[in-house]
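Structural overview for review
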Amino acid sequence: MSREKVLVTAALPYANGPIHLGHLSGAYLPADIYVRYKRLNGDDIVFIGGSDEHGVPITISADKEGVKPKEIIDRYHNLNKEAFEKFGMSFDNYSRTSLPIHHATGQEFFLEFYKRNVLVEKKSLQFYDEKAKMFLPDRYVEGTCPNCGYEEARSDECENCGALYQPTELKNPKSKITGENPVLKETSHWYFPLGRYQKRLEEYINEMNRQYGWKENVLNYCRGWFKDGLGDRAITRDLDWGIKVPLDSNEGKVLYVWFEAVLGYISSTKEWAINKGDENLWRKYWQDTNTKYVPFIGKDNIVFHSIIFPAFLMAWNDGEREKYVLPQNIPANEFLNFEGKKFSKSRNWGIDVIDFLKLFPADPLRYTLAANLPETRDTDFYWKEFQLRNNSELADILGNFINRTLTFVNKHFSGEVPSKGKLDDIDTEMINLIAEYPAKVSKLFESYKIRDGVLEAMNLARAGNKYFNDSEPWKSVKQDKEKCASTLNICLQAIYTLAELLSPVIPFSSDKIFSMLNAEITEWHKCGGENLVPGHKLGKVEIIFPKIEDEVIEKQMQQLNKTAIKEEPKQDEQITFDDFMKVQLKVAEVLSAEKLEKSEKLLKLKVRIGNEERQIIAGIAKSYKPEDLLNKKVVVVANLKPAKLMGMESQGMILAAEDEKGGLKILSADDLVKSGARVK
RNA sequence: GGCGGGGUAGCUCAGCAGGUCAGAGCAGUGGAAUCAUAAUCCACGUGUCGGGGGUUCGAAUCCCUCCCCCGCUACCA
């Protein structure tokens, strides 16, 4: 196969928290295995990563801790970089989007689009803090909810009653920064017109899929987006933290993080080129149609890499300047869950990479994750499975095969590779089998079936054990030393092959195996041949994969359950009489009812509770016609906080129960009961 | 409610351009062997492929419908 030029990127982790095992499974580990394999395969490959360091969540974290955003991003950038290094990620460059080179790249794209009139400008009213001299993002404004009177409501939504409204409706707005009353001021923002590229994007994806076979999950996500239709997306924000919009008239504006983060791949490659001493080297990858660009990501990132980023690059390529390559394939993975549930920082469910690697070496984790990558659907990480993969696969099958072979050679052949003599069928079959492996595993890796490739490689260790057993060298050593020598020679070659085939997966252990063999790794396609010559002196034997004891795993599981934050109380939890009496159920009489336009399910009702009249919006239009309800006596929750539905205030809730067919039946009261009577 | 993803052996998962597709690994049972980290090797699975209906000569694989789980989301009451 001819040498390929490959550009691999792995999703930029957001520098607002530590990465966990799920991130590794989604993007980083498969990317790293692929890249390590491609390097051995002799391909011209560059592997790019970095931290995504802009955006509002980071400024909020900073505010919460009373520190500058820089402190947050430095902390997590360094933490995650260290975690990646310990995990064995072999990035050629791990950059960060706060660097000048990235700011320049983001601005260059913006200006290019701006000058060529690709962008659309839209004006809107937004809160402006005159003291701080800045526009305030939604989350920086607080005020009194126009609906329920809650005093700490956000500018466009109330956390208390759930109402949504325009910022102009908010009462007593206050800036969270200065405490001053902000004024509404006109601001303009730039939008990227994704819709203009939809047709070309669809063609691009269809063509790539036709040629390279994209994954079903990726195609489905794209189809969903296309079906809804792509619209304009704002690419600027009124914020201080981020890349400045490079226009004089746009003081105080930055590029929206989603616009510039994907460009981080490009700027990180630029940084790599500079470090390499050739500042234009990055162009050789990004701006050459022969490059195979493969971004590894998790499913949450599909839209950015299959639609938005390609649209940017198309827009750029429509101009006169050097053209960029678009992704050739996007091997996005689903998610890894943890012990049956989603990773959750707030519930303290899961484990961070950095913490995991304090407890266990990287390779058993890499192998366990690789053997169960969420390539076709969500999968789970279980502590028990981790132990099992380590003990019964890495230690018992692979480790033991290596150990039994090497100790045997040490004992009977003074630690030197024995020569092959006359071969039996079983020997030639094994030699042929070994020789098939590099291509076999290669084929799977090339089609991004990383999991299958890893498991297939491990099968060679199983075959090795079988061959060893069937050949019975412990017998032949006494009766037929030549046959015994052949057996051990072949086993050693198999170990060499295994060390190489598995080196992308368990690089640290692979190095150890090579040093035990006292040999160097070779090109991928050669590793299935005879790489250890007779008489070659082997290195010192050691145990590569110690077993993990039950107690160690149990301790982790206990730890997890102890620190996990309990979920909501169960539904069958009992409540006290007082609890029940907090809910005021009253009989109400329906005075009028009408269907709400534009709503499938909602009816607007006027009811009388005693002397009081109320408006209630009820989601029962599918089961009742307005006239069915007139003068009916129904049961309502009288002290429910009002809520806004479809812009109409609902001041209560009508009790209804679902019938067998999924329709709703209202609970009605006997005619003798007076309106306003308490139900208890 | 909408959208998306799933429901296949005890467990974790493959298979899903319809015809050796009823699978792998682990666990379990029985046996062989003893070089090795008590590690290996061999043999053994009657699973309604979530339920029901349909298309077809033939469906886990296509269509319809229902049930359940997960994620995102909404005019949840």
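Residues numbered from 1 in each chain as written. Chains lettered and ligands numbered in written order. Predicted model: local features only at pLDDT ≥ 70, side-chain atom pairs only at ≥ 80, totals over all residues. Heavy atoms only, no water.

Overview of the sheet that holds strand S3 (residues 93–96)
Note the cut-off: DSSP bridges decide pairing: two strands pair if at least two such bridges lie between them. Counting from the N terminus, the helices are DSSP H or I runs at least four residues long and the strands are E runs at least two residues long. Angles run from 0 to 180 degrees between N-to-C directions of axes, and those axes are lines fitted to C-alpha atoms, restricted for helices to the stretch in contact. In this analysis, two residues are considered to be in contact whenever any of their non-hydrogen atoms come within 4.5 Å of each other.
Spatial strand order, S3-S2-S1-S13: four strands in an open sheet with parallel pairing. Taken across any chain shown, the strands that pair with only one partner, and hence form the sheet edges, are S3 and strand S13 (291–296). On average, each strand axis in the sheet is inclined to that of its neighbour by 20°, with strand direction left out of account. Where strand S1 (residues 5–10) and strand S2 (residues 44–51) come together, five bridges link them in parallel fashion. Paired with Leu-7 across the strands is Val-46, a residue of S2. This element, helix H3 (residues 69–87), spans S2 and S3 of the sheet and lies at about 165° to S3.

Some details on the nonpolar core
Formally: Put simply, buried Ala, Val, Leu, Ile, Met, Phe, Trp, Tyr and Cys residues joined by side-chain atoms within 4.5 Å make one nonpolar core. Burial here depends on accessible area, computed with a 1.4 Å probe over protein chains only, as a share of the maximum for the residue type. Under 20% is buried, over 50% is exposed, and the range in between is partly exposed. Throughout, the edges of the domains are those of an automatic or database domain assignment.
Core analysis: the biggest nonpolar cluster contains 159 residues, and Leu-21 and Phe-192 have the highest contact counts within it. Looking at which domains feed residues into this core, each of domain 1 (5–119 + 190–338) and domain 2 (402–526) supplies at least three. Setting aside anything within four residues of it in sequence, one finds Leu-21 in contact with Leu-336, Phe-338, Phe-343, Ile-351, Val-353, Phe-356, Leu-365, Leu-369 and Phe-381. Counting 14 residues, the second largest nonpolar core, distinct from the first, contains Val-607, Ile-616, Val-636 and Ala-638.

Quick look at the packing of helix H12 (residues 362–371) against helix H18 (residues 507–517)
Helix packing geometry: the angle between the two helix axes and the distance between the axes. What counts, and what does not: Under this scheme an angle from 65 to 115 degrees is roughly perpendicular, one under 35 degrees roughly parallel, and one over 145 degrees roughly antiparallel; angles in between are oblique. For this classification, Asp, Glu, Lys and Arg are treated as charged, while Ala, Val, Leu, Ile, Met, Phe, Trp, Tyr, Cys and Pro are nonpolar and the rest, including Gly, are polar.
Their axes nearest at 7 Å, the elements H12 and H18 cross at an angle of 120°. As the angle between them shows, H12 and H18 are arranged oblique. Side by side, H12 and H18 meet where Ala-362, Asp-363 and Arg-366 of the first sit next to Pro-507, Phe-508 and Ser-509 of the second. A breakdown of the residues in the contact of H12 with H18 according to their chemical character gives three nonpolar, one polar and two charged.

So, the environment of His-525
Assignment of secondary structure puts His-525 in the loop between H18 and helix H19 (550–563). As for His-525 and Leu-423, which are separated by 102 residues in sequence, their C-alpha atoms are 24 Å apart.

What to know about the protein's contact with RNA strand B
Where we set the bar: Definition of nearness: a residue and a molecule or strand are near each other if at least one heavy atom of the residue lies within 4 Å of the molecule or strand. Polar contact is the term for a pair of N or O atoms within 3.5 Å; when the atoms are in protein, one must be able to donate a hydrogen and the other to accept it, and sequence-neighboring residues count only if both atoms are side-chain atoms.
Taken together, 41 residues are adjacent to RNA strand B, and Asn-220, Thr-376, Leu-388, Asn-400 and Arg-404 come closest. In RNA strand B, the atoms that sit within 4 Å of the protein are 74% sugar and phosphate, with bases accounting for the remainder. At a separation of 2.9 Å, a sugar or linking oxygen of RNA strand B approaches a polar side-chain atom of Asn-403. Between RNA strand B and the protein, one listed contact pairs a sugar or linking oxygen with a side-chain N or O atom of Lys-547 at 3.1 Å. Mapped onto the surface near RNA strand B, the elements with two or more residues apiece are strand S15 (379–381), helix H13 (383–413), helix H15 (450–471), helix H16 (473–479) and strand S22 (653–654). The element best represented in the surface near RNA strand B is H13, accounting for twelve residues.

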